[in-house]
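One letter stands for each residue in the lines below.
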Amino acid sequence: MTVTGPQGFRAAGVAAGIKASGALDFTLVVNDGPLDVAAGVFTRNVIKAAPVLWSQEVLKQQRLKAVVLNSGGANAATGPGGFQDTHATAEKVADVLQAGAIEVAVCSTGLIGERLPMDAVLSGVDTAFKALDASAEASLNAATGVMTTDTKPKQAFAKHESGWSVGGFAKGAGMLAPNLATMLSVLTTDAVVAKETLDRALRAATHVTFDRLDVDGGTSTNDTVLVLASGASGVEPSEAELTELLTKVSLDLVLQLRADSEGATKDVNLTVQGAESEADAIAVARTIAEDNLVKTALFGSDPNWGRIAMALGRVPARIDPETVSITINGVTLFAQGMPASDRSEADLTARDIEIVVDLGVGTEAATIYTTDLSHGYVEENSAYSS
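Residues numbered from 1 in each chain as written. Predicted model: local features only at pLDDT ≥ 70, side-chain atom pairs only at ≥ 80, totals over all residues. Heavy atoms only, no water.

Selection rule: UniProt positions are given in the numbering used here, feature names are shortened, and annotations may be inferred rather than shown by experiment.
By the naming in an unreviewed UniProt entry, the protein chain goes by Arginine biosynthesis bifunctional protein ArgJ and is assigned to Amycolatopsis pretoriensis. What UniProt records for the protein chain under Sequence similarities (unreviewed entry) is the sentence "Belongs to the ArgJ family." As its UniProt record puts it under Subcellular location (unreviewed entry), the protein chain is described as follows: "Cytoplasm".

The structure is reproduced here in structure tokens:
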């Protein structure tokens, strides 16, 4: 069990008929309490989907009874009508749960620019409500119901030795360069926690996990991470303990998302260290991770460190060419402004790749989790809307 692993939660994933294929496309997660504390982080994309705008508003009170999610349509760039659809969805969930719409967050994922089939959505609420359960099967169905181009559901769970736990699921395979959040993810915990503590812990966890995943540089219109706390364990962890377990579960999900990202044949950990600031380290790592020349070299298992040098050299950060070093899979190929080893000494034929760039001007570091750029990615995204 994952999202229903922590005490106090039920979930369901059903086929509401949003997807023409008949696949699972509708998910409901319910917090049965006794607490209903919640926190969320969302996309920084200016073009925000209607469910993001709705959920940002309801999260101002930091309380949630439920989250409802659909795949098969993003409900983004759909105008006032799209926002009304989101509101109607929340109202319907509130009705079956005998709660208030302001206690229901809404998430959507899929093609941008089309309204949702609301008859299917509203009937899906009834179907999902009847299927709510705390079983492992319910967790799996919930994680499956949010999939778009994902090939498998992503779930994670961790339990603290004192008895409380964190679980959750995530979806995403393309348009992955989250900014404060990720594609769609729902995390749950049965810890006893105050609103402000949960918010800080979530932001700290996402800052070093979801926000460090960068497959293609695309920050989605729908990116959302939500965490719900039921308090059902009766245990109140410290903020540091909560942050640590949230981070562990979040990183587990991030690595699953990367492994299943569209067309990926390489899993790349790209670390920049020796930076003057964390912001510089992130900026340099993200620029290298998003560079198409670097990514295609990785796809070809070509240790072309010159492309990495080119990419990092165009970042507006403190960079001294004489102190930079580039190491790939343990072999330092560039240092002190010149080649340090023959590039053939770095073997990139395996799936896992470690790139370390040391700027040599400070003490800060950051890691970006990325992939290569393959034929499969291009083919899949060239026909996404058709």
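What follows picks up the thread again.
1. Points about the sheet that holds strand 5 (residues 104-109)
Applied cut-off: DSSP-based pairing: two strands are paired if at least 2 bridges between them are found. Secondary structure follows DSSP: runs of H or I at least 4 residues long count as helices, runs of E at least 2 residues long count as strands, and numbering of each begins at the N terminus. Here an axis means a line fitted to C-alpha atoms, over the contact stretch when the element is a helix, while the angle between two N-to-C directions is reported on a 0 to 180 degree scale. Any two residues having at least one pair of non-hydrogen atoms within 4.5 Å are treated as being in contact.
Taking strand neighbours across the sheet as the criterion, the four strands line up as 1-2-4-5 in an open arrangement whose pairing is mixed. Strands with a single pairing partner mark the edges of an open sheet, and in this sheet they are strand 1 (9-14) and strand 5. Taking the axes of each pair of neighbouring strands and ignoring which way they run, one obtains an average angle of 10° across the sheet. As defined by bridge partners, strand 4 (residues 66-71) adjoins strand 5 across six bridges and the pair is classed as parallel. If you follow N70 over to strand 5, its bridge partner there is S108. Here helix 2 (residues 79-97) sits on the sheet in contact with strand 2 (26-31), strand 4 and strand 5, set at roughly 130° to strand 5. Packed onto the sheet, helix 4 (residues 136-144) meets strand 1 and strand 2 and runs at close to 55° relative to strand 1.

2. A short note on the packing of helix 7 (residues 278-290) against helix 9 (residues 305-312)
Just so we agree on the cut-off: Any angle between 65 and 115 degrees counts as roughly perpendicular, while under 35 counts as roughly parallel, over 145 as roughly antiparallel, and the rest as oblique. Left-handed describes a crossing whose near helix is turned anticlockwise from the far helix by less than a right angle; the clockwise case is right-handed.
At a minimum axis distance of 9 Å, the contact between helix 7 and helix 9 shows a crossing angle of 130°. By the angle between their axes, helix 7 is oblique relative to helix 9. Between helix 7 and helix 9 the crossing geometry is right-handed. Across from V284, T287 and I288 in helix 7, the residues of helix 9 making contact are I308, A311 and L312.

3. Examining helix 9
Which entries qualify depends on this criterion: Any residue under 20% of the maximum accessible area for its type is buried, any over 50% is exposed, and the rest in between are partly exposed; the area is computed with a 1.4 Å probe on protein chains only. The directions considered for the arc are those from the helix axis to the C-beta atoms.
For helix 9, every residue scored as buried is listed here: W305, I308, A311 and L312. Along the long axis of helix 9, the arc covered by the buried residues comes to 120°, so they all point the same way. Those residues of helix 9 that are buried lie in contact with helix 7, helix 8 (292-299), strand 11 (325-328), strand 12 (331-335), strand 13 (338-339) and strand 14 (352-358).

4. Here's the deal with the pairing of strand 12
Across four bridges, strand 11 lies against strand 12 in antiparallel orientation. By the bridge assignment for strand 12, T327 is matched with T332. Counted between consecutive antiparallel strands, the loop separating strand 11 from strand 12 contains two residues, among which N329 sits at a positive phi close to 45°. Between strand 12 and strand 13, which pair antiparallel in sequence order, lie two residues; one of them, Q336, sits at a positive phi of approximately 55°.

5. So, helix 7
In an α-helix, one turn spans 3.6 residues; hence positions three or four apart end up facing the same way. The line we're drawing: Expected span, for any helix, means 1.5 Å times one less than how many residues it has.
With 13 residues, helix 7 should cover 18 Å at 1.5 Å per step; its first-to-last C-alpha distance of 18 Å lies within 8% of that length. For helix 7, the complete set of buried residues consists of D280, A281, I282, V284, A285, R286, T287, I288 and A289. Of the surrounding secondary structure, the elements contacted by the buried residues of helix 7 are helix 5 (195-207), strand 10 (267-275), helix 8, helix 9, strand 14 and strand 15 (364-371).

6. A closer look at the nonpolar core
Stated formally: Among buried residues, the Ala, Val, Leu, Ile, Met, Phe, Trp, Tyr and Cys ones that are joined through side-chain atoms within 4.5 Å form a nonpolar core.
In this structure, F26, V67 and F169 are the most contacted members of the largest nonpolar core, which totals 50 residues. Counting 33 residues, the second largest nonpolar core, distinct from the first, contains V268, L333, V357 and L359.

7. Points about the sheet that holds strand 7 (residues 165-171)
By way of backbone hydrogen bonds, the strands of a sheet pair with one another, either parallel or antiparallel. Strand order in the open sheet formed by five strands is 3-9-8-7-6, and the pairing between neighbours is mixed. Each end of this open sheet is capped by a strand with a single partner; those strands are strand 3 (37-42) and strand 6 (154-159). Direction aside, the axes of adjacent strands within the sheet are offset by 10° on average. Summarising the sheet, strand 7 and strand 8 (residues 184-189) pair through six bridges and their orientation is antiparallel. Bridging across to strand 8, A170 finds its partner in S185. Packed on one face of the sheet, helix 6 (residues 239-259) meets strand 6, strand 7, strand 8 and strand 9 (224-229) and runs near 155° to strand 6.

8. Section: unusual backbone geometry
Residues G33 and P34 are joined by a peptide bond in cis, for which omega reads 20°. Examined against the element boundaries, P34 turns out to sit in the loop between strand 2 and strand 3. Even without a glycine there, the phi angle at Q336 is positive, about 55°.

9. Looking at the environment of E290
Its place among the elements puts E290 in helix 7. Note on E290: relative accessible area 32%, which makes it partly exposed.

10. Side note on the packing of helix 8 against helix 9
Any two packed helices are characterised by the angle at which their axes cross and by the distance between the axes. Two elements in contact, helix 8 and helix 9, have axes whose closest approach is 9 Å; the angle formed by their N-to-C orientations is 160°. Considering the angle they form, helix 8 stands roughly antiparallel to helix 9. Regarding helix 8 and helix 9, the two cross each other, and that crossing is left-handed. Along its contact with helix 8, which presents L293, V294, T296 and A297, the element helix 9 presents R307, I308, M310 and A311.

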